[in-house]
Amino acid sequence: MHLAYPAVLAALLFSIGLYGVLARRNAILMLMSVELMLNAVNLNLVAFDVWLREELHTGQALALFTIAIAAAEIGIGLAIVLLVYRNRGSSDIDRLRDLRERSAAEADEASDDGTGDTASVKATNDSGRQTS
Amino acid sequence: MSTTTLAALVPLLPFLGAVAGLLTGRRAPGYAQPLAVLPTLLSTVLAVMVAVRQGGGEPLKAATELAPTGDASLPVELALHLDGFAVLVAVLVGVVASCVQLYSTGYLRDDPRYASYAAFVSLFTAAMLLVVYADDLIVLLVGWEIMGICSYFLVGHYWETQAARAASLKAFLVTKLGDVPFLIGILVLASEAGTFRISGITSKLTSQLAEFELAHPTVIALLLLAGVAGKSAQFPLHTWLPDAMAGPTPVSALIHAATMVAAGVYFIARLLPVFAASAVALVVLALMAAVTIVGSALSALAQDDIKRVLAYSTIGQLAYMAGALAVSDRGAAVFHLLVHGAFKALLFLAAGVLIHAAGTNSLAAMARMGGLTKIAPDAYWTMTIGLIALAALPPFSGFFSKEAVLAAAEHVAFGDAHGAGVTPAAGWIVLVAGMLGALLTAAYAARLWLLAFRGKGPQVSAEEHAREPAVMNVVLWVLAIPSLGLGLAYGVLPGWFDSGSLGPSLATSVLATGIALVGVLMTYGAWRHTTSLAASRSPMGAVAAHPQGDPALSEAEAIATHEPAYGDIAAAPDPADPGRLLLGPLHGAAAHGFRLDAAYTALFVRPTQAAARLARFVDREVVDSYVRGAGLGPRLLGTLVRRTQTGNTQTYLSALVVGSLVLAVAVVLVAAGTSGA
């Protein structure tokens, strides 16, 4: 079999995966697209391994590694997505923007909330100490 | 115990008392009074014992090395030198300090800061005794500087009032201004003489065999003179002393009358051979003393605050001592120091009683009160004694000591004196200024007495004022004894001092007494004239204070209200004041110390403040603008970069992909370029 077929297939898979990662909004679909990209790489590894007739089959061995790592990665990724969904009721990647740089007005609000929270925590501690 | 051990204990006891008082004052205020009074009393007893044992004989010396200085032949030694001057001045310091400590227990009885106050007084006493006994210039300097800082704390005792804060800072800074040249002078003197020991320096200079001469006697003497002028409040560094009256009255009695200011005079007396080595220095000293005698006496005539009158008179009497030293007679100087210490402490302490009794420190207000003599009879009688001693009328003590000074000046002026480096010019300067001073001193003493005790007006009711504690009045009578009788010691003292006769000479004593009587009569005449003139006018409002409070409270209130009531801290617009008539157009200038403070403000304070403003401008506007500019660029860049942090993961990934693509293309292009070439 000519090398062009698996190479073209891998390129197509990788492009689809890349598009999915950059464009899909659902976090689970993003993870699936990452899997597509990884598998495109695996396909390339195996194909070139066969084409080069390598003695030690390093390509195939590396593919096995990639599969294992991909399994671990998807496990952790899905766990994170599940927890985010439980907390937020959504896994929409566009709404998970807590780590953005805030404008000055937003930052003030946030810090006010923060001190308010600590103050209330302190108050409860004090009252707790008094009751005990 | 040996005499030197006793002498070592004399400064040590008040020091330990001060340390204990400072440590326990907050926790156990009940111990503050015994801790303040007992060590001082005990050290006075020891000082008397030392004086009796020493007895004016050969100086006792003891020394132990304290610290090496890097020059093996020039160590700092903890050395004592007990001669007639030292033991007698130590007795004076001890007696006055004991009186002041006893008096303070009554005067500051309700003061919350009494413990720290008493501890500082003890520390101050210890420092003065150290100066008196020390034979090593560096050890002497230590005591000298401790006195400076204690003076700062004690003058600022009423730190709630602006006047006291300003006065304490002024006292500290002005005396330090003199202390810097003083320190340099000490170091130059020690390096030229090859020793820090005072006795070593003086014996080298006076010995006929050694043929030792200082290389720069005038420079050294003038440098030391600057420190002495600061400490002893001589022109032109005297301006701190009148303002230092913002402190409590016992502090004025101890520090600014009897001991600290005497330290400068005492220092010259100890090192007189150094000053005598330079005729220029002695003439400068004589001029300084003359200007101070006349100027301070004129100022004293114009003051309204009773304590400021006494402060200016202190400056004048110290100038008499400086004058005696300028004619190279340290016996007369120390004699006057002893007598003046006694009667000036008495005058200040009596003034404290009077201020409490009258509820004001203003002479103008006292002149409008009747019956002050009835509610403060002890203060009245003792103050009368003190004022006659100050005016130097026979047979009170001040007469004999002042005549000793004038007789010494007369001897030098007419050329029958034998000191080294003494010129008749210095003698004439001191003699003329001393005669003029005698007139003015008698005048302001009489004015003070007439205004304070011969006032006419509503009677001060005795019930309204809390009676003074007995201890305060007892102390006054204790001090009245030397003010009355110490002058008769002129026959004994030459045995203690290494000087000639201290007896009054006929010509000067008749002249000076006559002049003093003229001064008293002039003031009396002026007073009769002004009071009859002003009787028709409306009386001035007296400065009111809480009459029931303790004396310290009355005084603090009197100081704080003087300026609002009369528009000035020193003078009052009182038409019944004889000083106003006597001084004529000079009055305004004299009341403000001849505007010397204003001159200093224009010469030193304003340029310094302008320089500070310039430095601030350069720092804020020039240096800081570079610093701010350096910070501003990175901040702007940072703001731009922060904009890209949108929180959208996919944007970041897109940027990553684009970046990797650009890099990959670049690498390929570079590889193609190099391989093509």
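What counts and how
Residues numbered from 1 in each chain as written. Chains lettered and ligands numbered in written order. Predicted model: local features only at pLDDT ≥ 70, side-chain atom pairs only at ≥ 80, totals over all residues. Heavy atoms only, no water. Helix = DSSP H or I, 4+ residues; strand = E, 2+ residues; numbered from the N terminus. Buried < 20%, exposed > 50% of the residue type's maximum accessible area, 1.4 Å probe, protein only. Contact = heavy atoms within 4.5 Å. Areas by Shrake-Rupley, 256 points an atom, 1.4 Å probe, with all protein chains shown as cover. Polar contact = N/O pair within 3.5 Å; in protein donor to acceptor, adjacent residues only side chain to side chain. Nonpolar A, V, L, I, M, F, W, Y, C, P; charged D, E, K, R; others polar. Salt bridge = Lys/Arg side-chain N within 4 Å of Asp/Glu carboxyl O. Disulfide = S-S within 2.5 Å. Axes fitted to C-alpha atoms, helices over the stretch in contact; angles between N-to-C directions. Parallel < 35°, antiparallel > 145°, perpendicular 65-115°, else oblique. Left-handed = near helix turned anticlockwise from the far one by under 90°. Expected span 1.5 Å × (residues − 1). Arc of directions from axis to C-beta. pLDDT = per-residue confidence, 0-100. Core = buried A, V, L, I, M, F, W, Y, C linked by side-chain atoms within 4.5 Å.

A.B. asks: Please give an account of the overall build of chain A that cites residues and values.
C.D. replies: For chain A, the helix and strand inventory stands at 4 helices and 0 strands. In chain A, the succession of helices and strands from N to C terminus is α-α-α-α. Looking at the 132 residues of chain A, the share that counts as buried comes to 18%. Here the contacts in chain A between residues at least 6 apart in sequence split such that 54% fall between residues at least 24 apart. Approximately 9600 Å² of chain A is accessible, and the part contributed by carbon and sulfur atoms is 65%.

A.B. asks: Kindly report on the interface of chain B and chain A, identifying the contributing residues and their values.
C.D. replies: Taken together, the 10 residues of chain B in the interface contact 13 residues of chain A. The interface formed by chain B and chain A contains 4 residue pairs in polar contact (both at pLDDT 80 or more). In terms of residue count, helix α28 (residues 649–676) of chain B provides more of the side of chain B that touches chain A than any other element does, 5 residues in total. Looking at the side of chain B that touches chain A residue by residue, the classes come out as 2 nonpolar, 7 polar and 1 charged.

A.B. asks: Go over the pattern of salt bridges, please, and point to the residues and values.
C.D. replies: All names here are of chain B. Under the criterion given, the structure shown has 11 salt bridges over all chains. A salt bridge links Arg113 to Glu160; its shortest N-O distance comes to 3.2 Å. Highlighted residues: Arg113 in the loop between α3 (84–107) and α4 (114–133) and Glu160 in the loop between α5 (137–155) and α6 (162–193), separated in sequence by 47 residues. The class for Arg113 is partly exposed, based on a relative accessible area of 21%. Note that Asp243 and Arg308 form a salt bridge whose closest N and O atoms lie 3.4 Å from each other. In this pair, Asp243 is assigned in helix α9 (residues 240–243) and Arg308 in helix α14 (residues 306–326), connecting sequence segments 65 residues apart. Residue classification places Arg308 among the buried residues on the basis of a relative accessible area of 8%. Salt bridges linked by common partners bring Glu77, Asp135, Arg197 and Arg270 together as one network.

A.B. asks: I'd love a proper account of the state of the cysteines, names of residues and values included.
C.D. replies: All names here are of chain B. Tallying each qualifying case throughout the model produces 0 disulfides over all chains. The thiol sulfur of Cys99 is not disulfide-bonded, and the nearest other cysteine sulfur, from Cys150, lies at 19 Å. Take Cys99: its relative accessible area is 6%, and that puts it in the buried class. With a relative accessible area of 0%, Cys150 lands in the buried category.

A.B. asks: How would you explain the packing of helix α8 (residues 217–231) of chain B against helix α11 (residues 260–270) of chain B if you had to name every residue and give the values?
C.D. replies: Residue and element names in this part refer to chain B. With their axes 7 Å apart at the nearest point, α8 and α11 run at an angle of 155° to one another. Accordingly, the angle class assigned to the pair α8 and α11 is roughly antiparallel. Of the two possible hands of crossing, α8 and α11 adopt the one that is left-handed. The segment α8 lies against α11, with Leu224, Leu225, Val228 and Lys231 engaging Met260, Val261, Gly264, Val265, Phe267 and Ile268.

A.B. asks: I'd love a proper account of helix α1 (residues 4–23) of chain A, names of residues and values included.
C.D. replies: All names here are of chain A. With 20 residues, α1 extends 28 Å from end C-alpha to end C-alpha; this agrees with the ideal 28 Å at 1.5 Å per step. Along α1, the positions that sit buried rather than exposed are Pro6, Ala10, Gly17, Gly20 and Val21. Looking straight down α1, one finds that the buried residues subtend no more than 95° of arc, so they occupy a single side. Exposed and facing more than 90 degrees away from the buried side of α1 are Tyr5, Leu12 and Tyr19.

A.B. asks: Just give me the short version of the environment of Ala86(B), but keep the residues and values in it.
C.D. replies: Residues and elements named next belong to chain B. As for its placement among the helices and strands, Ala86 is situated in helix α3. Residue Ala86 is classed as buried on the basis of its relative accessible area of 0%. It is 24 Å that separates the C-alpha atoms of Ala86 and Pro504, two residues lying 418 residues apart in sequence. Aside from chain neighbours lying at most four places away, what touches Ala86 is His81, Val132, Tyr133, Tyr266 and Arg270.

A.B. asks: So what's going on with the confidence of the model for chain B? Residues and values would help.
C.D. replies: Residues of chain B with pLDDT of at least 70 account for 92%, and the chain-wide mean is 83. Both confidence scores are given for the complex: pTM 0.76, ipTM 0.75.

A.B. asks: Could you give an account of the confidence of the model for chain A, with specific residues and numbers?
C.D. replies: Summing up the model confidence of chain A, the mean pLDDT is 81 and the portion of residues at 70 or higher is 78%. Below a pLDDT of 50 lies the segment residues 114–132 of chain A, which in the model reaches 0 contacts outside its immediate sequence neighbourhood of four places, other chains included.

A.B. asks: Before we move on, can you summarise the nonpolar core with the specific residues and values?
C.D. replies: Of all hydrophobic cores here, the largest spans 211 residues; its most connected members are Tyr133(B), Leu271(B) and Met383(B). At 20 residues, helix α15 (residues 330–358) of chain B tops the list of elements feeding residues into this core. Among the nonpolar cores identified, the runner-up in size contains 7 residues, and Val21(A), Ala27(A), Met37(A) and Ile93(A) belong to it.

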